[in-house]
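# A look at the structure
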There are 2 protein chains.
Amino acid sequence: MQVLQQQFQVPFSYQVIFTKHLFDSSNKTLCDFISNFGQSNFRKRILFVIDKGVADAHPSLTTSIIDYFESNAIADLAPEILVLPGGEVCKNDPRFYEEVVRAIDEHRIDRHSFVAAIGGGAFLDMSGYAAAISHRGVKLIRIPTTVLSQNDSGVGVKNGVNYLGKKNFLGTFAPAVAVFNDVAFLATLEDRDWRSGIAEAIKVALIKDLAFFEWLEANVEAMNSRDEAAMVEQIYRCADLHMKHISGGDPFELGSARPLDFGHWAAHKLEYLTDFKIRHGEAVAIGIALDCVYSHLIGAISLADCERILAVIKGLGFDLYHPALAENDCQNLHKGLQEFQEHLGGHLTITLLKALGKGEEVHEMDFPTIQASVALLAKHA
Amino acid sequence: MQVLQQQFQVPFSYQVIFTKHLFDSSNKTLCDFISNFGQSNFRKRILFVIDKGVADAHPSLTTSIIDYFESNAIADLAPEILVLPGGEVCKNDPRFYEEVVRAIDEHRIDRHSFVAAIGGGAFLDMSGYAAAISHRGVKLIRIPTTVLSQNDSGVGVKNGVNYLGKKNFLGTFAPAVAVFNDVAFLATLEDRDWRSGIAEAIKVALIKDLAFFEWLEANVEAMNSRDEAAMVEQIYRCADLHMKHISGGDPFELGSARPLDFGHWAAHKLEYLTDFKIRHGEAVAIGIALDCVYSHLIGAISLADCERILAVIKGLGFDLYHPALAENDCQNLHKGLQEFQEHLGGHLTITLLKALGKGEEVHEMDFPTIQASVALLAKHA
């Protein structure tokens, strides 16, 4: 039997650059990036696609972009700036990503050119997918505009849209060439969205970084008063931990590596059980609370530690409980665990806590203990 | 300015395994691969999708597959075996890749499970695209059934479908987990298809491997008499050179790396000018002939070498010329060069020959010399 062995590594690198007012004419961050990117003998074009929620909250954004590229001749700005709905709706209807693909074609964005996407996590997922499948991948610049996308999904390597009624059924792993975290976009967020993204920071701090958890604990008030410097610090540390998890593991999840999903099995189910009326981060906060109480009940962490965690979550303004958890004697919630197992390919892996700042993988969860955890949380409602 | 630097490498490896009668119950090649792949604590499922042309030429194929998985309990065979049209038509209509995605969902093919695609290059492109975008990439097993797909496209890392009237507008870079080159599939090819794929071997030999060119020269008669061992040897050497080009270069073409496209600028245009009535390999043979004559006319190779090359191409049964080359005083053809430059992002790179077995990149081609090359080839018509 003749065999040819193929083997290679594909290198990826990108920066997450923290800035403020990215399109101010005096801000050279984007300008420097584009000028230095790739080879000078290729024409560079750039197409902007913007989340309608962001465009509405920042009415001068489009003009600023046009002015920026007029005063900095670094790339040919596509004459059309696409504004499309953000949020889950843009992932549910294929017409939106098809619209981005259409614009990529029409404005001749090739593999040496850029799609720059400005918006929340769902919008970046959708537009990133369009960029990834066009010409086998045009260069993507991500400009996340929410706490959640700046500290988590926006700095990662995934994209996707929903299909056949299934979340992220279509998608690819496709790192951006750069991510610009512009803190100015956070100023216009509702309190609920400002808060919601912090759940991912609690998550990653609890399983990876005690010092960061203690920092969060010390900065509850700063967060609640919308202190910008504290928020940037939180985003920076959270993004850093997420990025290290990706680069230190299996970035494209070719093996059995999984994302950082502490607190997420229950969160996913809760989003469905509440018809997505609660935000992802709000569901994650409850999911974390549940898995912390569970970790305590099986003796992995002390009551004092458990209460410290719940105090931070509650202090930030999150609910610790939702009645949907207890529905049908917790059977609905428990079904989420089975679905999570199915999603993982039949072999369950759940992260619990073994200490503050230390996660531990387990391969089963006890149903009566889940019920007891829900009952304990209900007292906090 | 705060910056987080992300950097990682994603490792890919796969084998191209040469075999005969892959689904004979006594052939353990596929069985061994699946058993040893990945982790044993995940359920493995496998969905077969087959090119209708192959299914028609091998009426017992479906039954053989079912029998194979009945006698070898290595994975759960999806109860549906999808048979879809092959050839360019399957890339032109999105319903075909959507049908593969639908089956992936319905038969719960997850990232630990396989899509096994059996067919020619276009069919593998289409089904590979469906596999790559589903769940951000389910595992793909390629079973190419033509000379062209066994020695070139099928052993590479690309997939794609046509969209908005543009070839391969949608696609990704997504290596298969294994490729099985089953020589038995070649026996039912028409002579025209048997021959056509050899053009890619001539191409890669001429720019990379003098010894292989001389081997082709010595084996013209063996090829023409459909000698199986000679064909396998040709495929093995050609696939090897293509695979080394990929692993030694820029596999996902993130920079300005280009595929092995000697002879291809004219070939692409010729396919369009003839409404795809000539096969890709037939167009490539003419494109190679043209670029060889051009290389001679600019003094890069001798007349004797040029004639040796033309003799091999002609000896294998290819035409060296097509009237479409000369249409409109070669202006139509010349437009192909401009389109090729556009496709490359504005900076032209063309491979010509500087010796037998040695390619050389140039960045311009002289129009009168192209016209003279066409005129010379016309004498061979």
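Each remark here, short or long, concerns the structure printed above.
Small disclaimer: the values here were computed from a predicted structure and weren't measured.

### So, the environment of Glu214 of chain B
All names here are of chain B. Position of Glu214 among the secondary structure elements: in helix α10 (residues 210–218). Glu214 gets classed as partly exposed once you look at its relative accessible area, which sits at 37%. Between the alpha carbons of Glu214 and Leu270 there is a distance of 28 Å; along the sequence they are 56 residues apart.

### What about the relation of the copies chain B and chain A?
Of the transformation placing chain B onto chain A, the axial shift is 0.0 Å and the rotation is 180°, giving an RMSD of 0.0 Å. Here the copies are linked by what is in effect a two-fold axis. Ranked by how close their C-alpha atoms come to the rotation axis, the residues of chain B are headed by Val10 of chain B, at 2.6 Å. Counting the interface residues of chain B, we find that 100% of their copies in chain A are interface residues as well, pointing to one common contact surface.

### Digging into the pairing of strand β8 (residues 166–170) of chain A
All names here are of chain A. Summarising the sheet, strand β7 (residues 161–163) and β8 pair through 2 bridges and their orientation is antiparallel. Of the residues in β8, the one forming a bridge with Tyr163 is Lys166. Counted between consecutive antiparallel strands, the loop separating β7 from β8 contains 2 residues, among which Leu164 sits at a positive phi close to 55°.

### Overview of the interface of chain B and chain A
Residue-level contacts link 72 residues of chain B with 72 residues of chain A. Overall, the association of chain B and chain A removes approximately 6800 Å² of surface from exposure, summing both partners, and the carbon and sulfur fraction of that is 54%. Our count for the contact surface shared by chain B and chain A stands at 8 salt bridges. In this structure, Arg45 of chain A engages Glu342 of chain B in a salt bridge whose closest nitrogen and oxygen atoms are separated by 4.0 Å. Our count for the chain B to chain A interface comes out at 29 residue pairs in polar contact (both at pLDDT 80 or more). At the level of secondary structure, the elements contributing two or more residues to the side of chain B that touches chain A comprise β1 (3–19), α5 (94–106), α6 (121–133), β8 (166–170) and α12 (228–247) of chain B. For the side of chain B that touches chain A, the element with the highest residue contribution is β1 of chain B, accounting for 16 residues. Looking at the side of chain B that touches chain A, its residues break down into 34 nonpolar, 23 polar and 15 charged.

### Some points on the pattern of salt bridges
Evaluated as defined, the whole model comprises 48 salt bridges over all chains. Its salt-bridge partner being Lys166 of chain B, residue Asp105 of chain A comes within 2.7 Å of it at the nearest N-O pair. Linking Asp105 of chain A in helix α5 (residues 94–106) with Lys166 of chain B in strand β8, this pair reaches from one chain into another. Notably, a salt bridge pairs Lys335 of chain B with Glu339 of chain B, separated by 3.2 Å at the nearest N-O pair. Here Lys335 of chain B and its partner Glu339 of chain B are both found in helix α16 (residues 331–343), 4 residues apart, which amounts to about one turn of the helix.

About the cut-offs
Residues numbered from 1 in each chain as written. Chains lettered and ligands numbered in written order. Predicted model: local features only at pLDDT ≥ 70, side-chain atom pairs only at ≥ 80, totals over all residues. Heavy atoms only, no water. Helix = DSSP H or I, 4+ residues; strand = E, 2+ residues; numbered from the N terminus. Buried < 20%, exposed > 50% of the residue type's maximum accessible area, 1.4 Å probe, protein only. Least-squares fit on C-alpha atoms with pLDDT ≥ 70 in both. Contact = heavy atoms within 4.5 Å. Pairing = 2+ DSSP bridges. Buried area = accessible area lost by both parts, 1.4 Å probe. Salt bridge = Lys/Arg side-chain N within 4 Å of Asp/Glu carboxyl O. Polar contact = N/O pair within 3.5 Å; in protein donor to acceptor, adjacent residues only side chain to side chain. Nonpolar A, V, L, I, M, F, W, Y, C, P; charged D, E, K, R; others polar.

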